[in-house]
Every structure is written in C-alpha cells, then in structure tokens.
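# Reading the structure
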Amino acid sequence: MNKVILLFTAALLFGSSAAIYAQSEVDAYKYSQLDLTGTARYVGMAGAFGALGGDISAMSTNPGGLAIYRSSEVVATLGLSVNDAKTTWTGIETKDSKTKFNFDNIAYVGYFPTANETGIIGWNVGFSYNRAKSFNRRYRMVGANLPFSLSDYIALMSNGIPVDKLRKGEEGGYDPYNPDNGISWLSVLGFQGGLIEPKPGSNDTYERFTSGNVTNSSMYVNERGAIDKYNFSFATNISNIAFVGATLVVTDLNYHLNSSYGENFNTGDILNWDNTLKTEGTGYGFNLGVILRPTDFLRLGVAYNSKTWYKMTDTSEGAASTLLKTGGKDDRLSEVTPQLMSDYEFSSPDRWIFSVAGIIGQTALVSVDYEISDYGNMKLSDAYGNALAEDNADISRDYGIANTLRVGVEVKPMPQFAVRAGGAWSTTPAKQSFRSGATEVFTSGTTTNYSINENTTSYYTVGLGYRFTPNFYADLACVYRTYKENVYAFSNIYSTGEPTSQEPVNSYSIPATLKNSDTKVVLTLGYKF
C-alpha cells in the first residue's frame with residue numbers, strides 16, 4: 001500500500017511545473033459565481049427580468065430587453081453591503097463581519113426610432129458597467145483536539161521527493177524554489193519551515209515535526225476584490241412583437257486572499273502557516289436574447305450567456321514557522337517563499353435563461369426566470385492554451401449542473417409609486433461525493449485551505465420606486481442572501497490514491513461549517529430623456 005502511495009504522489013509532483021502551479025478546481029468555481037447585482041429595480045425583483053426588459057441590468061442577462069425602451073436613459077447605482085460569517089468547528093462557534101460601500105452600476109441606453117409602424121420600429125444601443133461579483137468577506141474558525149495536523153498532510157504530499165530536492169544548496173547552489181525543478185512549493189515550504197522531516201533511515205518519505213497531539217487550531221481568512229463587467233449592447237424592436245438583442249461583455253477580475261493558519265500541540269510546539277494570493281484577469285464573452293410578446297399581458301424570453309474566456313495571472317507568497325520545544329530549549333524555524341507569478345487561461349460555464357412574465361395593465365406584473373448552467377464545463381489551460389487535463393478531469397468529476405429560479409413581483413398602488421419583492425434560489429453544482437469530503441482536493445501554490453458550497457444559495461428581496469417627474473426617478477432595494485459552506489484547512493488524503501476511496505491514510509481534515517449571510521442596500525437614480 002505504501003508503495004502505491006509513493007508512486008501516486010511522485011507522479012503528481014513530478015508531472016509538470018505548469019500543472020503544479022495551475023489554479024485549482026475550487027478557485028475555478030469561485031471565479032465563475034455571480035451575485036444578484038444591478039439597478040435597485042432589478043435587485044428588488046430578484047433579477048427576474050428575462051421576459052420583462054426595460055431595465056438597464058437586462059443587458060447582463062437577456063439583451064433583448066433593451067429593445068423595450070422607448071426613450072433614452074442614464075442611471076447610476078450605489079450599494080452598501082454587510083457580510084456576516086459564522087463558523088462552527090468541532091463545536092466551537094466564531095463570528096466575524098465585514099462592511100463595504102460599492103459603486104455598483106452606471107449605464108446609458110440610447111433609443112433611435114425609425115418612424116415605422118411595423119417591421120423595424122426602433123434601434124437601441126446601450127453601455128453599462130456592472131459589479132457582477134464581490135469577493136469581500138472575512139471569517140475565523142477555531143477548533144480543538146483535531147486528529148491530524150497540517151504537517152501530516154504536507155508529509156504525505158511530499159512522499160516520493162528526495163530530500164536533496166527540498167534542501168537549499170550553498171550560496172549560489174541548488175534552489176528548491178526554482179519552478180523549473182518541477183517540485184511543489186508546498187513541500188519545499190513545509191520542509192524549509194520545519195513542518196516535516198525525513199523519517200529515520202529514509203531520504204524520500206516524511207513525518208511531522210513533532211510527536212505531540214494537536215490541542216487547538218485556528219484559521220483566519222480575509223478576501224476582497226470583485227468581478228466587473230462592461231456591457232456593450234445592441235437591440236431592435238420588430239413590430240412590437242419580437243425584441244432581439246446582443247451584448248459584447250468585457251470582464252475585469254481581481255481577487256485578493258490573506259489566510260493565516262496555526263496549530264498548538266500538547267508538547268508546547270507551535271505551527272504557523274500564512275499565505276497571500278492576488279489574482280488578476282481580463283475576459284470576454286457575449287449574450288444573446290429574445291423576448292416575444294404574443295399578447296399585451298404575456299411575455300416570453302430566452303437568452304444565452306456565453307462562457308467568459310479569461311487570461312489570468314496569479315501572484316502568491318507563503319510563509320511558515322515552527323517552534324519545537326526540546327529539553328526546555330526553543331528551536332525555531334521560519335521560511336518565506338519567493339513571490340511566484342503564474343499565467344494561465346480559464347473559461348467559466350455558459351448559461352441558458354428561460355423566462356415568462358405576466359403584465360396586469362399599468363398596476364402590476366409578475367416575472368419568473370429559470371437558469372441552468374453546467375459547472376462541469378469550466379476549463380483551465382496553461383498560458384499557451386494547452387488544456388490542464390488533470391485539473392479539468394477534477395472539475396468534471398466534482399461539479400455538475402446548477403439550477404437557479406428567480407421570481408419577482410411589482411405592484412403600483414399609484415402611477416408614480418411602486419412596491420417590489422422577489423426571491424431567488426440557486427442549487428450548488430458541487431456533487432455529493434465532493435461535498436462530503438470523499439474527494440481529494442489539490443489546491444494551488446502553498447495555500448491549503450478551501451471551501452465548498454454545501455446547499456442552496458437563497459436570496460430574498462424587497463424594493464420601492466418613486467417617479468418624481470416624468471423624467472427623474474429613484475429606486476431603493478434591499479437583498480438578503482444566505483448560504484452554507486464546508487471549509488477545510490487542508491484536504492483528506494486517501495489510501496489508494498483514488499478519490500473515490502473512503503479510507504483516509506494518516507491525514508483527515510475535519511471541516512468547519514461556515515454560514516454566510518449578506519445584507520445589501522442599493523439606491524438607483526435614473527433620468528429619462
């Protein structure tokens with residue numbers, strides 16, 4: 001059995017340096033998620049605008065809705081969000097929160113009528129900036145009497161690597177951090193920081209640095225950044241029956257992570273493991289959409305949102321330190337990796353949106369959207385466009401289809417005043433074996449922690465709108481989002497090297513439960529002309 005483990009880990013670690021430093025499947029999922037964002041009217045109705053149109057934010061889902069406009073318009077949206085995170089790890093609860101002010105949206109729509117009564121009645125063009133995703137959150141977790149240490153995990157991940165490959169040479173000599181060596185920096189940092197050491201009589205199998213048991217562990221994670229989308233749209237109205245549109249989407253992604261993990265042992269020994277990660281990416285995609293109006297009170301919509309094709313750059317750095325108490329003497333080791341930059345390509349999953357809406361005169365409307373997306377179609381490639389086969393196989397194995405249902409209602413008790421409400425529910429695309437920890441997860445760089453969505457993400461929204469003049473209006477909305485994740489400080493490792501095995505080998509990570517709840521208030525000011 002040990003021979004199988006050694007062969008498996010050696011094949012993994014010595015495969016290729018591109019694969020070693022590639023982004024992981026959990027990060028691919030993180031960069032594919034979008035929030036419920038847009039104008040306050042759009043948010044107040046939970047984004048159920050696929051068959052309605054007539055709102056700037058429709059460019060981000062069904063651009064056919066742009067053709068509903070009968071005038072030109074400019075809008076701007078501001079938002080204030082509060083993220084509350086509660087973790088439970090080995091029965092210990094910890095809470096944290098983070099508040100952020102955002103400039104969420106600014107947009108312009110131009111309407112150009114043709115004076116025709118049938119055929120092409122009008123043309124519309126639009127531009128919008130929209131904050132599609134916010135990464136801002138902060139959480140802490142504290143656990144007690146965990147069965148295994150991070151050093152156990154790194155020791156097993158390092159088995160099969162000759163110890164001379166992890167040692168630094170004399171000044172100007174061998175550098176284990178040289179990416180051309182094809183050695184995982186996770187193993188190098190673990191060895192140089194004193195977390196692992198060779199087993200007696202061996203030069204390529206490892207064990208933890210201490211014989212003590214873990215009495216308590218703690219982890220702190222701080223995330224920030226956003227996905228910003230710039231939409232350039234074109235739409236046309238055909239005989240007031242069909243509304244057709246297309247959007248070119250340019251995307252800017254930035255993500256920053258700071259994580260700190262520590263363990264204390266009953267022998268007085270201490271382990272610390274810190275990481276920083278900065279991800280920047282630019283991408284492009286397109287949206288196509290149609291709205292049909294068979295009667296005055298019914299509208300039907302269908303839209304296709306393409307993949308977003310990204311070029312990405314990761315910049316990362318890790319730090320490790322240990323304190324080993326021997327014979328009353330403190331032995332300390334610490335290490336910081338060089339800064340690593342890695343370029344790669346990534347494509348998010350595409351989406352189909354099917355919609356229906358009912359219009360009750362000038363007093364009320366109800367709208368429903370159903371969205372389907374296959375996260376198993378996420379793809380990672382190296383900087384030259386060559387597919388990262390192992391990473392993509394992990395994605396196909398661990399992720400599947402996510403379904404989203406959005407429902408929105410608007411009622412106008414008087415012509416200038418509107419009340420809105422809505423709800424949205426998105427199922428997790430993570431497969432059951434993945435969520436239960438039965439899959440070994442390979443993270444990128446020296447960052448070992450990761451999270452997996454455990455259940456449905458739910459949104460509940462309310463909103464108000466008031467038209468001060470025929471041209472000027474203001475909308476206000478509040479959205480509450482809640483979802484649960486499992487957070488792992490490091491992955492399980494399985495005996496056979498096969499991810500379907502349920503039998504751990506010397507390393508098992510107990511996940512923490514992370515309950516996220518976000519409250520966001522948005523204000524939109526608009527002017528029609």
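Residues numbered from 1 in each chain as written. Predicted model: local features only at pLDDT ≥ 70, side-chain atom pairs only at ≥ 80, totals over all residues. Heavy atoms only, no water.

Attention shifts here to the overall build of the protein chain. The number of helices and strands found in the protein chain is eight helices and 22 strands. Here the C-alpha atoms of the protein chain give a radius of gyration of 26 Å, agreeing with the 24 Å that 2.2 N^0.38 yields for 529 residues. Projected onto the principal axes, the alpha-carbon positions of the protein chain cover approximately 90 × 45 × 40 Å. Residues counted as buried form 56% of the 529 residues belonging to the protein chain. Expressed as a percentage of contacts within the protein chain between residues at least 6 apart in sequence, the contacts between residues at least 24 apart total 74%. Accessible area for the protein chain stands at about 21,500 Å²; split by element, carbon and sulfur atoms hold 57% of it. With 42 positive and 51 negative side-chain charges, the protein chain shows a spacing of 8 Å between the two charge centroids. (Helix = DSSP H or I, 4+ residues; strand = E, 2+ residues; numbered from the N terminus. Rg over C-alpha atoms; globule rule 2.2 N^0.38 Å. Buried < 20%, exposed > 50% of the residue type's maximum accessible area, 1.4 Å probe, protein only. Contact = heavy atoms within 4.5 Å. Areas by Shrake-Rupley, 256 points an atom, 1.4 Å probe, with all protein chains shown as cover. Lys, Arg positive; Asp, Glu negative; His and termini not counted. Charge placed at Lys NZ, Arg CZ, Asp CG, Glu CD.)

Two elements in contact, helix α5 (residues 150–158) and helix α6 (residues 185–192), have axes separated by 9 Å at closest approach and are oriented at 125°. Comparing their axes, α6 and α5 come out oblique. When you trace α5 past α6, the crossing you get is left-handed. Contacts between α5 and α6 involve Y153, I154, M157 and S158 from the first element and L186, S187 and G190 from the second. Looking at the contact of α5 with α6 residue by residue, the class counts come to four nonpolar, three polar and no charged. (Axes fitted to C-alpha atoms, helices over the stretch in contact; angles between N-to-C directions. Parallel < 35°, antiparallel > 145°, perpendicular 65-115°, else oblique. Left-handed = near helix turned anticlockwise from the far one by under 90°. Nonpolar A, V, L, I, M, F, W, Y, C, P; charged D, E, K, R; others polar.)

This next bit is on α5. Burial analysis of α5 places nine of its nine residues in the buried class, which makes it a mostly covered element. Those residues of α5 that fall on the buried side of the exposure criterion are L150, S151, D152, Y153, I154, A155, L156, M157 and S158. Immediately beyond the C-terminal end of α5, within one or two residues, lies G160, with a positive phi of roughly 100°.

Here the focus is the confidence of the model for the protein chain. Here the protein chain averages 91 in pLDDT, while 93% of its residues score no lower than 70. The low-confidence segment residues 1–19, where pLDDT is below 50, has 33 contacts with residues more than four positions distant or belonging to other chains. Across residues 496–504, where pLDDT falls below 50, the model places 18 contacts with residues more than four positions away in sequence or in other chains. (pLDDT = per-residue confidence, 0-100.)

Applying the stated criterion to the full structure yields four cavities of 30 Å³ or more. Of the pockets and cavities examined, the second largest cavity occupies roughly 160 Å³. Breaking the lining of the second largest cavity down by element, the ones donating at least two residues are β9 (270–295), β11 (309–326) and β13 (340–347). No other element matches β11, which puts four residues into the lining of the second largest cavity. (1 Å grid on protein atoms, 1.4 Å probe; cavity = no way out; pocket = protein on both sides within 12 Å on 5 of 7 lines; lining within 4 Å. Points joined across faces, edges and corners; volume = space filled by probe spheres on them.)

So, about the pattern of salt bridges. Within the structure shown, the criterion is met by 28 salt bridges. Note that K168 and E335 form a salt bridge whose closest N and O atoms lie 3.0 Å from each other. Of this pair, K168 sits in the loop between α5 and α6 while E335 sits in strand β12 (residues 329–336), and the two are 167 residues apart along the sequence. Judged by its relative accessible area of 44%, K168 is partly exposed. Judged by its relative accessible area of 11%, E335 is buried. Taking the shortest distance from any N to any O, the salt bridge between D330 and K325 comes out at 3.0 Å. Given the relative accessible area of 36%, D330 is considered partly exposed. Connected via shared salt-bridge partners are E25, D394, R397 and D398. (Salt bridge = Lys/Arg side-chain N within 4 Å of Asp/Glu carboxyl O.)

If a probe as big as a water molecule is rolled over the atoms, it shows which places are left empty. For the largest pocket, the calculated volume is near 1,100 Å³. The wall of the largest pocket is formed by 38 residues, among which R41, G54, Q362, E410 and K412 lie closest to the centre. Only β1 (73–89), β15 (364–374), β17 (401–414), β18 (417–426), β20 (457–467) and β21 (472–488) provide two or more residues apiece to the lining of the largest pocket. Looking at side-chain class alone, the lining of the largest pocket contains 16 nonpolar, nine polar and 13 charged residues.

Take the nonpolar core next. Within the largest apolar cluster, 68 residues are counted, with the highest numbers of intra-cluster contacts made by Y31, L150, Y261, W273 and F346. With six residues, the top contributor of residues to this core is α5. Listed in part, the 17 residues of the second largest apolar core include M45, L365, Y459 and A477. (Core = buried A, V, L, I, M, F, W, Y, C linked by side-chain atoms within 4.5 Å.)

Turning to the environment of G285, a few remarks are in order. Locating G285 in the fold gives a position in strand β9. Along the chain, G285 and L248 lie 37 residues apart, while their C-alpha atoms are 6.2 Å from each other. Apart from residues no more than four positions distant in its own chain, G285 is found in contact with T247, L248, V249, S306, K307 and W309.

Before going further, it helps to examine helix α7 (residues 389–398). Listed as buried for α7 are D391, N392, D394, I395 and D398. Seen from one end, α7 has its buried residues packed into an arc of 155°, which puts them on one side. Residues A389 and E390 are exposed on α7 and point more than 90 degrees away from its buried face. (Arc of directions from axis to C-beta.)

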